[in-house]
Amino acid sequence: MTEIFLWLSIAFYGAGFICHVLDQNGSRHTLQRVSTYMLILALIFHTIVLALRVMETGHAPIAGRFETLLFFSWSIAVLNTILLFRYRLRTTDTLTIPVIFLALLLAAFSDSGVYRLPLALKTWWFEIHVVTSFFAYALFTLAAAAGAFYLLKEKTGTGTELGIYQNITYRSILWGFTFFSSSMLLGAIWGYLAWGSYWLWESKSAASLLLWFYYVGVLHTRMLKRWRGKTVSVMAIVGFALVMFTYLGVSIFLKSTHGM
Amino acid sequence: MKSIWKFFTSARLAVVLSLLITIDVLTGTILLSSSPKALGTIDLEIFFYWLFGTGLNNLTASWWIFLLLALLVLFVVNTIVCTVDSIVFMFRPRRDAARIKPRRILSQAIHLGFIIGLLGHLVSSASGFRTMDNRLFEGSSIPIPQSSELSLRLNKLDVAFTKNGDMLRMDAYLSLIRDKRVVKDKVVRLNEPLLYQGNAVYITHHGEAPESMKFELSGNGTQEIIKIKLHERSVTTNWGYTLKLENLIPDFARDSKGKAYSASKQFRNPALEVKVYKGEKFLVSGWFLLKYPNKTPLAFDGLKLVFPGLAYRPYAVLTINKDPGTVIILSGALIFIISLIGLLFIKGEEMELVKRQTLK
């Protein structure tokens, strides 16, 4: 059942994306509307997959690669929906939906076995630690998408348009940084309660630290007029690469005692 | 002096230092994974003791930590100077009140939270203690490290598993004792440590260790269970027989004449020789194979002596830590995050991902 809804959501994200790309200049309203409906349906199926998974495992869908990929992509999809309904903005979809699509595709080919959570992970400190970190990752992804659009439209776009992209980049990073800092605090509290140390010198924790300092740097560029615009946009894109390194790179290529 | 001050008030310095720290920690992330021998013991000790001991002796793997500390010192100086500069600017006389903006105050509160947090890390890195693998048997006590008054007693250990072998619970019923009086009782589980006056007690795993040899003496329709503790050599039963543990052979075998000997030094087939006496009178002796309980019974006086196995005693493995920096870090982190959230909500517009008027 989970698999059916997973493939349905992948298909609808894919179809919604194609319709959206076919109507890049927004001239064909019907196509854009179809794309919107498809993406909403995809999100509904995606949410059903998560709900089924919760019922199946009895815990928040945050353990292992399969579940975290589902949750990470779902967080980006929710953000997209907020942008759509609150601000009527669809442009960043061009870059965020492929991320959702790829994450779900990767999830579809990952081990989806149901495993009992180790006792140390059975605490809401861990659950909100992971949830907040994935919301942060989603916001950093949105910031990178807006940054990429800023660079693409730097020469052709209007001042207002570029301002919107800069706005999304900066504010997504500010929100993402808040979520990420909260996640690090919650993780520290969990670590202290679980094994007596708020910090462990291992790859995943170190990668989180580097990500945190990186975005400290990005937020401070706001105070430097010369660094605004192009530099911040480039930094947001590099930030996304660091997010991917922290989330997937460490788990796949390095040894870490920390989970996904 | 002015130029040094100006250098450290620079936001550009903050950005550059952040990026340098990022590059340094990125290298560290890889080294942490690739040098487990050199860096794998950091978490077992108080940080500075490790750094200036093991860390100094393994500079090829730990150099990035020294560089990180140097960069952090510069970053902290940068943060403090910026904060002081901003506060002085806000409260400078004859300036208009508009300069004291909530946004500015919150930004400095974020800096303050960061500095307090780092101060906590400094305290953590230099003080307290970490002890791991403290084995505590049911019914026994151990002292709390660096405390002459406090001791810890394990009253009961309750461990349960599912049919698949997954752990369901691992509960240690602990009492903290001062001057023979219980000052705190706590069921310690994973994620639920015992916290008392800065000391924290965690259960990490559990086990059971052989405590005594168990024998069953039966005959005439009655039975007596006899236990001989491993450090004792003999015991006298209620029926007046004395069992003496004579010899232990690691790899039991018999030669062609039936004499027992050890085929190797490995504990492949350990066997124990037991001699039975009635008062001073020797009755019988025999070998009990420890891996094969209930085999080779010994018969005497119409009775049967059987070795059903070793008697085990459960124990909890505890980590006992004291980290005076934790509360400071928590306070700093809370100030940091609350100020950050405040910054997002300070004006109605700030919490929006896009300035709404730009969309009209």
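Residues numbered from 1 in each chain as written. Chains lettered and ligands numbered in written order. Predicted model: local features only at pLDDT ≥ 70, side-chain atom pairs only at ≥ 80, totals over all residues. Heavy atoms only, no water.

Participant: Looking at this structure, how should I read the overall build of chain B?
Facilitator: Summing up its helical and strand segments, chain B has seven helices and 16 strands in all. Over its C-alpha atoms chain B spans a radius of gyration of 33 Å, topping by over 25% the 21 Å that the globule rule assigns to 360 residues. Along the first, second and third principal axes, the C-alpha atoms of chain B reach 110 × 50 × 45 Å. Counting all 360 residues of chain B, 42% fall into the buried class. (Helix = DSSP H or I, 4+ residues; strand = E, 2+ residues; numbered from the N terminus. Rg over C-alpha atoms; globule rule 2.2 N^0.38 Å. Buried < 20%, exposed > 50% of the residue type's maximum accessible area, 1.4 Å probe, protein only.)

Participant: What exactly am I supposed to notice about the overall build of chain A here?
Facilitator: Within chain A one finds eight helices and zero strands. Shown N-terminal to C-terminal, the secondary structure of chain A runs as helices and strands in the order α-α-α-α-α-α-α-α. In terms of C-alpha radius of gyration, chain A reaches 19 Å, essentially the compact-globule figure of 18 Å for 260 residues. The 260 residues of chain A split such that 60% are buried. Of all intrachain contacts in chain A linking residues separated by at least 6 positions in sequence, the fraction that spans at least 24 positions is 78%. Carbon and sulfur atoms form 69% of the exposed surface of chain A, whose accessible area is close to 10700 Å². For chain A, the separation between the mean place of its 19 positive charges and that of its 10 negative charges on side chains is 11 Å. (Contact = heavy atoms within 4.5 Å. Areas by Shrake-Rupley, 256 points an atom, 1.4 Å probe, with all protein chains shown as cover. Lys, Arg positive; Asp, Glu negative; His and termini not counted. Charge placed at Lys NZ, Arg CZ, Asp CG, Glu CD.)

Participant: Sorry if this is basic, but what is going on with helix α1 (residues 2–22) of chain A here?
Facilitator: One turn of the α-helix equals 3.6 residues, which is why residues spaced by three or four share an orientation. Residues and elements named next belong to chain A. With 21 residues, α1 should reach 30 Å at 1.5 Å per residue; the first-to-last C-alpha distance of 30 Å fits that figure. By the burial criterion, the buried members of α1 are Thr2, Phe5, Leu6, Ser9, Ile10, Tyr13, Gly14, Gly16, Cys19 and His20. For α1, the elements touching its buried residues are α2 (29–57), α3 (64–87) and α4 (93–108). (Expected span 1.5 Å × (residues − 1).)

Participant: How should I be thinking about a nonpolar patch on the surface in this particular structure?
Facilitator: Residue and element names in this part refer to chain B. On the surface, Phe52, Leu56, Leu59, Trp63 and Leu67 cluster together to form a nonpolar patch covering roughly 470 Å² of accessible area. Of all the secondary-structure elements, those providing two or more residues to the nonpolar patch are α4 (47–57) and α5 (59–91). Inspection of the secondary structure puts leucine 59 in helix α5. Residue leucine 59 is classed as partly exposed on the basis of its relative accessible area, which comes to 41%. (Patch = residues over 30% accessible without salt bridge, like charges linked within 9 Å, V, L, I, M, F, W, Y side chains within 5 Å. Salt bridge = Lys/Arg side-chain N within 4 Å of Asp/Glu carboxyl O.)

Participant: Mind showing me how you'd approach the interface of chain B and chain A here?
Facilitator: The extent of an interface is frequently quoted as the accessible surface area lost upon association of the parts. In this complex, chain B contributes 64 residues to the contact, which on the side of chain A involves 61 residues. Sorting the residues of chain B by area buried against chain A places Asn191, Leu344 and Leu353 of chain B first, and these three jointly supply 14% of that buried surface. Elements that contribute at least two residues to the side of chain B that touches chain A include exactly α2 (11–34), α5, α6 (102–126), β4 (167–178), β7 (199–219) and α7 (326–345) of chain B. Broken down by element, the side of chain B that touches chain A gets its largest block of residues, 14 residues, from α2 of chain B. Counted by class, the side of chain B that touches chain A contains 39 nonpolar, 12 polar and 13 charged residues. (Buried area = accessible area lost by both parts, 1.4 Å probe. Nonpolar A, V, L, I, M, F, W, Y, C, P; charged D, E, K, R; others polar.)

Participant: Got a minute to help me understand the nonpolar core in this structure?
Facilitator: One recurring pattern in soluble globular proteins is that nonpolar side chains are buried together. Core analysis: the biggest nonpolar cluster contains 124 residues, and Tyr13, Trp201 and Tyr215 of chain A together with Leu39 and Ile65 of chain B have the highest contact counts within it. The next biggest cluster of nonpolar side chains, apart from the first, holds 20 residues, and it includes Leu154, Val188, Ala316 and Leu318 of chain B. (Core = buried A, V, L, I, M, F, W, Y, C linked by side-chain atoms within 4.5 Å.)

Participant: Whenever I open this one, the sheet that holds strand β9 (residues 234–236) of chain B confuses me. Can you help?
Facilitator: Adjacent strands of a sheet pair through backbone hydrogen bonds, lying either parallel or antiparallel. Residues and elements named next belong to chain B. Strand order in this open sheet of four strands is β9-β10-β13-β14, and the pairing throughout is antiparallel. In this open sheet, the two edge strands, each paired with only one partner strand, are β9 and β14 (281–289). Geometrically, the sheet is characterised by an average inter-axis angle of 20 degrees between neighbouring strands, direction not taken into account. Across three bridges, β9 lies against strand β10 (residues 241–249) in antiparallel orientation. (Pairing = 2+ DSSP bridges. Axes fitted to C-alpha atoms, helices over the stretch in contact; angles between N-to-C directions.)

Participant: What is the right way to read the packing of aromatic side chains from this model?
Facilitator: Residues and elements named next belong to chain A. Taken as a whole, this structure holds 46 aromatic pairs over all chains when the rule is applied. Relative to phenylalanine 135, the ring of phenylalanine 71 has its centre 5.9 Å away and its plane inclined at 70 degrees; by these criteria the two rings are edge-to-face. Of this pair, phenylalanine 71 sits in helix α3 while phenylalanine 135 sits in helix α5 (residues 124–153); the two residues are 64 residues apart in sequence, bridging distant segments of the chain. Since its relative accessible area comes to 7%, phenylalanine 71 is described here as buried. Measuring from ring centre to ring centre gives 3.7 Å for phenylalanine 140 and tyrosine 215, while their planes differ by 5 degrees; the resulting arrangement is stacked. Of this pair, phenylalanine 140 sits in helix α5 while tyrosine 215 sits in helix α7 (residues 203–220), and the two are 75 residues apart along the sequence. (Phe/Tyr/Trp six-rings, centres within 6.5 Å; stacked < 30°, edge-to-face > 60°.)

Participant: Please clarify how the sheet that holds β4 of chain B should be interpreted in this entry.
Facilitator: Residue and element names in this part refer to chain B. Reading across from one edge, β2-β3-β4-β5 is the order of the four strands in this open sheet, with antiparallel pairing throughout. Every other strand in the sheet has two partners, leaving β2 (141–143) and β5 (181–188) as the edge strands with one partner each. Between one strand axis and the next, the sheet turns by 25 degrees as a mean value, whatever way the strands run.

Participant: Explain α6 of chain B here, please?
Facilitator: Here α6 of chain B is 25 residues long and its end C-alpha atoms lie 36 Å apart, about the 36 Å a rise of 1.5 Å per residue gives. Tucked inside the fold, the buried residues of α6 of chain B contact α7 of chain A together with α4, α5 and α7 of chain B. Phi for glycine 128 of chain B, located one or two positions after α6 of chain B, is positive at around 85 degrees.

Participant: Help me out: how do you make sense of the pattern of salt bridges in this one?
Facilitator: Once their charged atoms are close, side chains differing in charge can pair, the charge on each being opposite to the other. Residue and element names in this part refer to chain B. A full pass over the atoms with the stated rule returns seven salt bridges over all chains. Across the pair arginine 169 and aspartate 158 runs a salt bridge, and its minimum N-O distance is 2.9 Å. Taken together, the positions of arginine 169 in strand β4 and aspartate 158 in strand β3 (residues 150–161) put the pair 11 residues apart, joining distant regions of the chain. On the basis of relative accessible area, arginine 169 is assigned to the partly exposed category, the value being 35%. Here arginine 268 and aspartate 251 are joined by a salt bridge, their closest N and O atoms 3.7 Å apart. With arginine 268 in the loop between β12 (260–262) and β13 (271–278) and aspartate 251 in the loop between β10 and β11 (252–254), this residue pair connects regions lying 17 residues apart in the sequence. Take arginine 268: its relative accessible area is 53%, and that puts it in the exposed class. Through salt bridges with shared partners, one network takes in Asp171, Arg189 and Glu192.

Participant: Can you help me understand the confidence of the model for chain B in this one?
Facilitator: For chain B, mean pLDDT is 88; residues scoring 70 or higher make up 94% of the total. Model confidence for the complex: the whole-complex pTM is 0.86, and ipTM, which rates the interface, is 0.90. (pLDDT = per-residue confidence, 0-100.)

Participant: How do you make sense of the environment of lysine 281 of chain B when you look at a structure like this?
Facilitator: All names here are of chain B. Tracing the chain through its elements places lysine 281 in strand β14. A relative accessible area of 58% means that lysine 281 is categorised as exposed. In the structure, lysine 281 is positioned 39 residues away from threonine 242 in sequence and 9.7 Å away in space, judged by C-alpha atoms.

Participant: Can you walk me through the pairing of strand β8 (residues 222–229) of chain B in this structure?
Facilitator: Within a regular strand, side chains alternate between the sheet's two faces. Inspection of the sheet shows β7 of chain B paired to β8 of chain B by eight bridges, in the antiparallel sense. Within β8 of chain B, the residue paired with glutamate 216 of chain B across the bridge is isoleucine 225 of chain B.

Participant: I keep staring at the packing of helix α6 (residues 159–195) of chain A against α7 of chain A and nothing clicks. Help me out?
Facilitator: Residue and element names in this part refer to chain A. Relative orientation of the contacting elements α6 and α7 amounts to 145 degrees, with a least axis distance of 10 Å. Of the two possible hands of crossing, α6 and α7 adopt the one that is left-handed. Contact residues: Tyr170, Ile173, Leu174, Phe177, Phe180, Ser181 and Met184 in α6; Ser208, Leu209, Leu211, Trp212, Tyr215, Val216, Val218 and Leu219 in α7. For the contact of α6 with α7, the class distribution of residues is 13 nonpolar, two polar and no charged. (Left-handed = near helix turned anticlockwise from the far one by under 90°.)

Participant: Looking at this structure, I do not really get unusual backbone geometry. What am I missing?
Facilitator: Across residues other than glycine, the phi torsion is negative in most instances, and most of the peptide bonds are trans. Residue and element names in this part refer to chain B. Phi at glutamine 146 takes a positive value of approximately 55 degrees, unusual for a residue other than glycine. Among the structural elements, glutamine 146 can be located in the loop between β2 and β3. Here glutamine 146 falls in the exposed class, since its relative accessible area comes to 68%.

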